[in-house]
Amino acid sequence: MRKPVIAGNWKMHKFVGDSVDTAVDLKRSVSGATHCEIIVAPVFTALKSVADRLEGSNVSVSAQDCSTEVDHGARTGEICADMIADSGAKYVIVGHSERRQFNGETDQSVNAKIRAVLQHGLRAIVCVGEDLRQRESGDAERVVAEQLAGGLAGLTLADMERIIIAYEPVWAIGTGKTATPEQAQEMHAFIRRRIAGSHSRECADSTRILYGGSVKPGNISDLMDREDIDGALVGGASLDAESFASIVNYK
Ligand code: PGA
């Protein structure tokens, strides 16, 4: 049985105070939820304050990125995975499409970041997904297969136990245009087959695959009904504690 994961990606939103307030409201609203893992990803400056306030609760904290470097050193502006662990966060989102698009993230850097995350005892939420042109030209599966092959290259079965995949079609992110549950299910099943091929059937069966892209309180349960959809990575609708709590309580 794969335990569902509902993760909120706050992107570049909220000051420290607002991040903490939202986290505290969320903690209160989801305190009884045991059916899924709950994660929030604030900006770096709010990581520690949010993690401190959520300590001992059923809500974990994630960073939105980290350095490819495993050791501390001369990398102005970068943040090492062990500094993220030191803040109290347990997860790092790696390879989000916005970082691929605006920050030159490649499958090679995604792979290096995953290794840094795992080496420092954290877990990675690894994002993959095609853009509109790629989907319309029938290339979606090839693109996702390439991202998986490059991003997960060389990872062992033990490494994979600490990896969550997020399928986020770029054309559905922040656009209000969600993939249909059928489209998402089809790609999730494809991703699972690829992991079975690259790792093992057992590994594929136990890997959580989240859907991301305009997930809202109104569409979460139809998505969660699908066999291979194990949760959601939520952007806009996670910024408000009440809306995110109703996504967490999708059942
Ligand atoms: P969205 O973002 O829910 O606002 O579409 C999802 C994401 O980018 O993780």
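In short, a report on the structure. (Residues numbered from 1 in each chain as written. Predicted model: local features only at pLDDT ≥ 70, side-chain atom pairs only at ≥ 80, totals over all residues. Heavy atoms only, no water.)

## Regarding the nonpolar core
So, point 1. With 71 residues, the main nonpolar core has Ile6, Ile114, Ile163, Ile165, Ile191 and Tyr211 as its most contacted residues.
So, point 2. Considering every element that reaches this core, the biggest residue donor is helix α9 (residues 181-198), with six residues.
So, point 3. Sequence-distant contacts of isoleucine 6, that is, excluding residues within four places in its chain, are made with Cys36, Glu37, Ile38, Ile39, Ile220, Gly231, Ala232, Phe244, Ile247, Val248 and Tyr250.
So, point 4. Core analysis: the next-biggest nonpolar cluster, separate from the first, contains 12 residues, Val5, Ala41, Ile125 and Leu233 among them. (Core = buried A, V, L, I, M, F, W, Y, C linked by side-chain atoms within 4.5 Å. Buried < 20%, exposed > 50% of the residue type's maximum accessible area, 1.4 Å probe, protein only. Helix = DSSP H or I, 4+ residues; strand = E, 2+ residues; numbered from the N terminus. Contact = heavy atoms within 4.5 Å.)

## Thoughts on the sheet that holds strand β4 (residues 91-94)
So, point 1. One closed barrel accounts for eight strands, arranged β1-β2-β3-β4-β5-β6-β7-β8; its pairing is parallel. Averaged over all pairs of adjacent strands, the angle between their axes in this sheet comes to 25°, without regard to strand direction.
So, point 2. One ladder, built from two bridges, connects strand β7 (residues 209-212) with strand β8 (residues 231-234); its direction is parallel. Paired with tyrosine 211 across the strands is alanine 232, a residue of β8. (Pairing = 2+ DSSP bridges. Axes fitted to C-alpha atoms, helices over the stretch in contact; angles between N-to-C directions.)

## Section: the pattern of salt bridges
So, point 1. In this structure the tally under the stated criterion is 19 salt bridges.
So, point 2. When the shortest N-O distance is used, the salt bridge between glutamate 105 and lysine 113 registers 2.9 Å.
So, point 3. Relative accessible area serves as the criterion here: at 9%, glutamate 105 is assigned to the buried category.
So, point 4. Residue lysine 113 is classed as buried on the basis of its relative accessible area of 6%.
So, point 5. Ionic contacts of the salt-bridge type, sharing partners, join the residues Arg2, Arg192, Asp228 and Asp230 into one network. (Salt bridge = Lys/Arg side-chain N within 4 Å of Asp/Glu carboxyl O.)

## Concerning the site of the ligand
So, point 1. Around the ligand, the surrounding shell holds 13 residues, and the nearest of these are Lys11, His96, Glu168, Gly174 and Ser214.
So, point 2. A distance of 2.7 Å is found between an oxygen atom of the ligand and a side-chain nitrogen or oxygen belonging to lysine 11.
So, point 3. Between an oxygen atom of the ligand and a main-chain N or O atom of glycine 174, the distance comes to 2.6 Å.
So, point 4. With the chains in place, 96% of the 290 Å² that the ligand exposes on its own is no longer accessible.
So, point 5. Of the residues contributing to the shell around the ligand, the split by class is four nonpolar, seven polar and two charged. (Near = heavy atom within 4 Å. Polar contact = N/O pair within 3.5 Å; in protein donor to acceptor, adjacent residues only side chain to side chain. Areas by Shrake-Rupley, 256 points an atom, 1.4 Å probe, with all protein chains shown as cover. Nonpolar A, V, L, I, M, F, W, Y, C, P; charged D, E, K, R; others polar.)

## Some points on helix α7 (residues 140-151)
So, point 1. Taking 1.5 Å per residue, 12 residues should reach 16 Å; α7 reaches 16 Å between its end C-alpha atoms and fits that length.
So, point 2. Turning to α7, its buried residues number three or more, namely Ala140, Val143, Val144, Ala145, Gln147, Leu148 and Gly151. (Expected span 1.5 Å × (residues − 1).)

## Some points on helix α12 (residues 241-248)
So, point 1. Of all eight residues in α12, six are buried; the element is thus mostly enclosed.
So, point 2. Of all the positions in α12, only Ala241, Ser243, Phe244, Ala245, Ile247 and Val248 are classed as buried.
So, point 3. At its buried positions, α12 is contacted by β1 (5-9), α1 (16-29), β2 (37-41), α11 (220-224) and β8.

## As for unusual backbone geometry
So, point 1. Even without glycine at this site, lysine 14 takes up a positive phi of about 80°.
So, point 2. Secondary-structure assignment places lysine 14 in the loop between β1 and α1.
So, point 3. The class for lysine 14 is buried, based on a relative accessible area of 19%.
So, point 4. One non-glycine residue with positive phi stands out, namely serine 214, at about 55°.
So, point 5. Following the sequence through the fold, serine 214 ends up in the loop between β7 and α11.

## A word on the state of the cysteines
So, point 1. Scanning the model with the defined rule gives zero disulfides in all.
So, point 2. Free of any disulfide, cysteine 36 has its nearest neighbouring cysteine sulfur in cysteine 127, separated by 18 Å.
So, point 3. Residue cysteine 127 stays outside any disulfide, its sulfur separated by 12 Å from that of cysteine 66, the closest cysteine. (Disulfide = S-S within 2.5 Å.)

## A closer look at the environment of aspartate 52
So, point 1. Mapped onto the elements, aspartate 52 comes out in helix α2 (residues 47-54).
So, point 2. Along the sequence, aspartate 52 and leucine 148 sit 96 residues apart, while their C-alpha atoms lie 34 Å from each other.

## Details of the packing of α1 against α2
So, point 1. For the pair α1 and α2, interaxial distance at closest approach is 9 Å and the crossing angle is 25°. Between α1 and α2, the angle falls in the class roughly parallel. As α1 packs across α2, the resulting crossing turns out to be right-handed. Residue-level inspection shows Val16, Ser19, Val20, Ala23, Val24 and Lys27 of α1 in contact with α2, the latter providing Ser49, Val50, Arg53 and Leu54.
So, point 2. Broken down by class, the residue content of the contact of α1 with α2 amounts to six nonpolar, two polar and two charged. (Parallel < 35°, antiparallel > 145°, perpendicular 65-115°, else oblique. Left-handed = near helix turned anticlockwise from the far one by under 90°.)

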